[in-house]
Amino acid sequence: MQPLLLNHAGASPLSAAALAALQDHLALESRLGPMEAGEAVAPRLQRLREDAARLLNAGTDEIAFHGSGSAAFGAAWAAFVHATPLRAGDRILVGRQEWGGNLATYRRSGAQVEVLPCRADGSVDVEAAAKMIDEKVRLISLTWLPANGGLINDAAGLGRVARAAGVPYLIDAGQALGQLPVDVQALGCDVLKGAGRKHLRGPRGTALLYVRKGFQDRLEPPWVDVSGARFETAEQPVALRLALQVAIAEALEIGIGNIAAHVQTLAVQLRERLAELPHVRLHDLGDGPRSGLVSFSVEGEAAPATRARLAQRGIHVGANGVPYTPLDMQYRGLEGIVRASFSWLNNEADIERLASAL
C-alpha cells in the first residue's frame, strides 16, 4: 500500500518539477563549476524573488532568503536588538501559542515577556491586547497558525493595533505560507517569516523573510557580507532555491485560495470523523475557520507511540511535545499531541484510512 503523508505541517514532498530543478542544477554545477552555474541561472533566481514577493504581496526589496525559519527570524531579531538594545523594563508581547524557539530567544533578551490575552476559543484577544500597550512595549510577536492545532489567530486585527500604537510587529507564518493567502499589507506586519518545506512544498533548507521597507531603517544587522541583500548572505544554496522557485510558482498557479479551500474542507471532515471515535480526543482551538492542522490524542497512548503505530501502517503524521508551543501546552495541561495536516495532494479517502487505523 502506498504511504499516506499527513505531515505536511512538518515537511511536504517536493513535486517532480521541483526535484528536477534541484537535480539539474547540481549536475550543472558539476559541469561548469558552482560559481559559473550560479551566474547562468541568475534570471531564475531573480524570478524566485519576484514570485516570493507576489506570494506575500510585498516588494522584491523586502524579501530575503534563509536556510530555515529560525535562521530568518534570527537575522531579523539580531538586526532589531543590535540597532536598539533591549533594557530591563522593556516589554515584549507574545501570543499564547508562540513558537518555542521564538519564545526562548525573547526570554534571553533581558526584556519582560508577557502573554497576550486570549478569547474563550484560545485565539488572541485583539481588544484586550490594545489595552496592554504602553511606551515600554518594544515588540508584538504572534504565531499566526500555531503548530499544535487548527487555530487561526486574528493576525490582521493585531496588526491594526500594532500600527496604531507604532509598535513593531512580527508574524511567524511558518504554517500559513502555502496554506492560506498571505498579504503583508493587509496583515500590517513589519517582519514575517516562514519555512519553505511545509505547505509550499519547497526543499528543506529554505525559508522566506519579509522585512517592511519602511521598517528596514530601524534595523542594523550585526554583520554584513561583501555582497548580497541586507538581510541575507552572498553565499546561497542555488539548487535549493531553484527548487523553491518551482514550488512557489506551482502554488501560485494552483491558487493559494484554492489550496486553502481544499485543505480546510478535508480538515473539517477529519475532525467530524475523529469526533465519532470514543477513544480519540480532539485538541484544536478556535471557533471560526480552522487550519489544516488537526490535533488529537488517543486514550491511553502517548503521542509518539501513536505516531509510531500509524507509521507501521504507512500513515505518517506528526507528534508535538511541550517545547513546540510551551505556553499553550502548559496552559491546557497537554504533554503532547498527534497532528495530522493536509495538503492539496490529499483526498477524502485519506481521512477514512487514518480513522480506520486509529
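Higher on the page you've got the structure.
Each chain has its residues counted from 1, running along the sequence as written. For a predicted model such as this one, the threshold for reporting local features is a pLDDT of at least 70, and the threshold for listing and counting side-chain atom pairs is 80 or more; totals across whole chains, interfaces and linings nevertheless cover every residue. The basis for every side-chain value is the complete set of heavy atoms in the structure, and neither hydrogens nor water enter the calculation.

Draft legend 1. Here's a closer look at the packing of aromatic side chains. Classification of ring pairs rests on two measures: the distance between centres of Phe, Tyr or Trp rings, Trp counted by its six-membered ring, which must be within 6.5 Å, and the angle between planes, read as stacked under 30 degrees, edge-to-face over 60 and tilted in between. Within the structure shown, the criterion is met by five aromatic pairs. Judged by centre distance (6.4 Å) and plane angle (10°), the ring pair of phenylalanine 73 and tryptophan 77 falls under stacked. Taken together, the positions of phenylalanine 73 and tryptophan 77, both in helix H4 (residues 69–83) and four residues apart, correspond to about one turn of that helix. This pair shows no difference in class: phenylalanine 73 is buried, exactly as tryptophan 77 is. Note on tryptophan 99 and tyrosine 324: the rings are 5.6 Å apart at their centroids and 65° apart in plane angle, and the pair reads as edge-to-face. With tryptophan 99 in the loop between strand E3 (91–94) and helix H5 (100–107) and tyrosine 324 in the loop between strand E12 (318–321) and helix H13 (326–332), the pair connects residues that are 225 residues apart, well separated along the chain. Categorising residues by exposure relies on relative accessible area from a 1.4 Å probe, with only protein chains included: less than 20% of the type maximum marks a residue as buried, more than 50% marks it as exposed, and the intermediate range marks it as partly exposed. Overall, tryptophan 99 belongs to the partly exposed group, its relative accessible area being 28%. When its relative accessible area of 34% is taken as the criterion, tyrosine 324 is described as partly exposed. Counting every residue linked through ring pairs, the aromatic cluster contains Phe73, Trp77, Phe80 and Tyr106. The helix and strand labels rest on DSSP assignments: H or I over at least four residues marks a helix, E over at least two residues marks a strand, and numbering proceeds from the N terminus.

Draft legend 2. Seen up close, the nonpolar core. Buried Ala, Val, Leu, Ile, Met, Phe, Trp, Tyr and Cys residues form a nonpolar core when they are joined through side-chain atoms within 4.5 Å. Counting 68 residues, the largest nonpolar core has Leu56 and Leu192 as its most contacted members. With eight residues, the single largest contributor to this core is helix H11 (residues 256–275). Not counting chain neighbours up to four residues away, the residues in contact with leucine 192 comprise Leu56, Ile171, Ala173, Leu177, Val182, Val184, Leu187, Leu208, Leu209 and Tyr210. Formed by 22 residues, the second largest nonpolar core is a distinct cluster that contains Trp77, Ala111, Leu139 and Phe215. Residue contacts follow a heavy-atom distance rule, with two residues in contact if any of their heavy atoms lie within 4.5 Å.

Draft legend 3. Spatial organisation of the pairing of strand E5 (residues 137–143). With seven of its seven residues buried, E5 lies for the most part within the structure. At least two DSSP bridges between two strands are required for those strands to pair. When E3 meets E5, the two strands line up parallel, connected through four bridges. The partner of isoleucine 92 across the bridge, within E5, is leucine 139. Pairing analysis gives four bridges linking E5 to strand E6 (residues 169–172), with the strands arranged parallel. Paired with threonine 143 across the two strands is aspartate 172, which belongs to E6. Taking the sense of rotation as the criterion, the β-α-β connection linking E5, helix H7 (residues 155–165) and E6 turns out right-handed. Handedness of a crossover is defined as follows: with both strands directed away from the viewer, a clockwise route from the first strand across the helix to the second makes it right-handed.

Draft legend 4. Quick peek at H11. Any helix carries an expected span of 1.5 Å times its number of residues minus one. The first and last C-alpha atoms of H11 sit 28 Å apart over 20 residues, in line with the 28 Å expected at 1.5 Å per residue. All buried positions along H11 are accounted for by Ile256, Ile259, Ala260, Val263, Leu266, Ala267, Leu270, Arg271 and Leu274. Taken down its axis, H11 places every buried residue within 140° of arc, on the same side. Of the exposed residues in H11, those oriented more than 90 degrees away from the buried face are Asn258 and Glu272. Our arc is simply the arc of the directions from the helix axis toward the C-beta atoms.

Draft legend 5. Here's a closer look at the sheet that holds E6. Taken together, the seven strands give an open sheet; going across it, the order is E2-E8-E7-E6-E5-E3-E4, and neighbouring strands pair in mixed fashion. Every interior strand has two partners, whereas the edge strands, strand E2 (63–66) and strand E4 (112–115), have only one. The average angle at which neighbouring strand axes cross in this sheet is 20°, direction not considered. Pairing between E3 and E4: four bridges, direction parallel. For arginine 91, the partnering residue across the bridge sits in E4 and is glutamine 112. All axes here are fitted lines through C-alpha atoms, helices being fitted over the stretch that makes contact, and every angle between N-to-C directions spans 0 to 180 degrees. Sheet strands touched by helix H3 (residues 42–56): E2, strand E7 (191–195) and strand E8 (207–211). Its angle to E2, the strand with the most contacts, is close to 110°. On the sheet, H7 packs against E5 and E6 and is oriented at approximately 165° with respect to E6.

Draft legend 6. Quick peek at the environment of isoleucine 256. Positionally, isoleucine 256 belongs in helix H11. For isoleucine 256, a relative accessible area of 11% gives the class buried. Considering only alpha carbons, one finds isoleucine 256 and glutamine 179, 77 residues apart in sequence, at a separation of 6.6 Å. Sequence-distant contacts of isoleucine 256, defined by excluding residues within four places in its chain, comprise Leu55, Gly178, Gln179, Leu180, Pro181 and Ala251.

Draft legend 7. How the structure looks around the state of the cysteines. Working definition: a disulfide is two cysteine sulfur atoms within 2.5 Å of each other. Overall, the coordinates contain zero disulfides when judged by the stated rule. Note on cysteine 118: no disulfide assigned, nearest cysteine sulfur contributed by cysteine 189 at a separation of 20 Å. Judged by its relative accessible area of 25%, cysteine 118 falls in the partly exposed class. Overall, the relative accessible area of 1% leaves cysteine 189 in the buried class.

Draft legend 8. Representation of H7 in the model. Considered for burial, the residues of H7 that qualify are Ala155, Gly157, Leu158, Gly159, Val161 and Ala162. Those residues of H7 hidden inside the fold are in contact with helix H6 (126–132), E5, E6 and helix H8 (184–187).

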